[in-house]
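In case you want the letters, here they are:
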Amino acid sequence: MFRKVFKYDFRAMGKFLLLAPAIWALNLAAAGLIRLLDLPFMTEYIFPELIAGATVFFCLAAVGFFPVGILILCLRRYYKNFFSDEGYLTFTLPVSRETLLWSKTVSTGAVCVLAGVAELIAGLIFILTIPDGTSFFVELFRDLISAFSEPGFTLFVVLLFFNFVVTLADEIATLHFSITLGHMVAKKHKILAAFGLWYAINFGKRLVTQGFSLLFLFAIFSAPDGALTALNGVMILFLLLRSGSFTGFYFGNRHLLKTRLALG
Amino acid sequence: MLLELRQVCKQYNNGNVVIRDLNADLPEGRILGLLGPNGCGKTTLIKMISGLLPVTSGSIRIDGRLPGPDSAGIISYLPERPYFDPVMKASELLDYFSDFYPDFHRDTAERLLSDLKIDPKSRMKTLSKGNREKVQLALVMSRQARLYLLDEPIAGVDPASRDYILETIVGQYNRGASVVISTHLIRDVETILDEFVFMGYGGAVMAAGDVRETRAREGRSLDELFREVFSYVPQSF
């Protein structure tokens, strides 16, 4: 049944990824404007540069907002499917609530990752189109390849990948938990309550992660020769912390949905 | 018994007892009218049977199964409100039901939509409230379920459409199944009912029995009997 639920969740949210070509076009336009700035007749006037600069800024801001916008649309679907009148359909399907929640978590994560990939492609388009962008990219790529020969770098990349996956899962689980709890505790302004809860939870989480960041800095400065090894150690700690947080919020949400859900 | 309710109680978090010690059995092949005034707990009871709400105490069994994903496969539930995503097309809803319910008959649903002159390509948000309810009913009644739970199926539609809806219910339901219809519009539904339960406030059973026998014994319609039974019931529990 997971496959079927996931298919509908992913299809409903994945359609927003069709906006990706528009984002790429925006980036191409921004890079094109930067190229135009190099034209001799343009450099004599400040005004066109300002206009072009502002346009480039808004193009890039739109690109940056893309994954966030997609995440917001995914959360809207979560709220509508579970807590609006659509919940009468969702929760009377022959599917367990665990499967429904897991599908929402996985599909949101998958769509966000794809939005991130679309953003990376947009970045590549931008870098490769601006003047000297290609040489910058080649140099960056060469540095990255040579970095793999350093001891501990491969482990760092693996840890970075797992940290990314777990952090994304944790953020989604926290958002879902906040929405569920906000819906259950507030009589009115349920979305505002969910946002407040998310902010409070995030504030607590940030306090802990800031503490670990200090630990990270201390590790780097106290072991300049083995900085990468120290960094990997802190990454493992982050991984454990995020895994614990994800487990708590995911299963907390699952418990609320199974035992306390009351549709209006 | 297809549906067994034993000492079912429902108390909300605010302390409100909506249903208290309700016992009932429903065999296969019967149409039961769950009749009562507004706020007496009809919708709450249907939500508990469908698995949307947990019982506070007591037990509900549907063909021996507890309410949940297992029982959802044999229950066809029509809530008292529009519950489809407004941006979905009727044809997409047919795909959705086909995917999740193996007992769903797509050709039956398409025929019902055609009878209703509803274009399968139309989105739910473009349909009138009455037509949305008819689409819901068409989908719900196109399943070969064991138990149909219909919560106020005729409350929001005009009198002419009510006849169509009642005909659809009687014409489409699986003969080996049972139907529970919750409503306070007794005059409209009593002709299709086999059994009835008059629910009072707090889920108290004020009267119950076979519809034809009761009408013959009392010498009046169920609607008249309902008016007499509930003429002295306090409006809050």
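Residues numbered from 1 in each chain as written. Chains lettered and ligands numbered in written order. Predicted model: local features only at pLDDT ≥ 70, side-chain atom pairs only at ≥ 80, totals over all residues.

J.: What should I look at first to understand the overall build of chain A in this one?
T.: Of regular secondary structure, chain A possesses 10 helices and zero strands. Evaluated residue by residue, chain A yields a buried proportion of 27% over its 264 residues. The contacts in chain A between residues at least 6 apart in sequence include a share of 77% that link residues at least 24 apart. (Helix = DSSP H or I, 4+ residues; strand = E, 2+ residues; numbered from the N terminus. Buried ≥ 20, exposed ≤ 12 C-beta atoms within 10 Å, placed from the backbone. Contact = placed C-beta atoms within 7 Å.)

J.: Looking at this model, I keep getting lost on the environment of Glu195 of chain B. Mind explaining?
T.: Residue and element names in this part refer to chain B. Along the chain, Glu195 turns up in strand β8 (residues 195-199). Separated by 183 residues in sequence, Glu195 and Tyr12 place their C-alpha atoms 29 Å apart. For Glu195, the residues in contact, after removing those within four places along its chain, are Arg30, Leu32, Gly209, Asp210 and Val211.

J.: Looking at this model, I keep getting lost on the domain arrangement of chain A. Mind explaining?
T.: It is common to give the size of an interface as the accessible area that goes away when the parts come together. Residue and element names in this part refer to chain A. The domains assigned to chain A are domain 1 (1-146) and domain 2 (148-264). Facing 16 residues of domain 1, the contacting portion of domain 2 comprises 16 residues. Contributions of two or more residues to the side of domain 1 that touches domain 2 are made by α4 (46-83), α5 (87-90), α6 (97-129) and α7 (133-147). Partitioned by chemical class, the residues of the side of domain 1 that touches domain 2 number eight nonpolar, five polar and three charged. (Domains from an automatic or database assignment. Nonpolar A, V, L, I, M, F, W, Y, C, P; charged D, E, K, R; others polar.)

J.: Which parts of the structure should I look at to understand the sheet that holds strand β6 (residues 147-151) of chain B?
T.: By way of backbone hydrogen bonds, the strands of a sheet pair with one another, either parallel or antiparallel. All names here are of chain B. If you walk across this open sheet you meet the six strands as β5-β6-β7-β3-β8-β9, and the pairing is mixed. The sheet terminates laterally at β5 (75-78) and β9 (205-210), the two strands that pair on one side only. The sheet shows a mean angle of 10 degrees between the axes of neighbouring strands, direction not considered. Alignment of β6 against strand β7 (residues 178-183), held across five bridges, turns out to be parallel. Across the sheet, residue Asp151 finds its bridge partner in β7, namely Ser182. Together, β8 and β9 form the strand contacts of helix α8 (residues 211-218), whose direction differs from that of β9 by roughly 100 degrees. (Pairing = 2+ DSSP bridges. Axes fitted to C-alpha atoms, helices over the stretch in contact; angles between N-to-C directions.)

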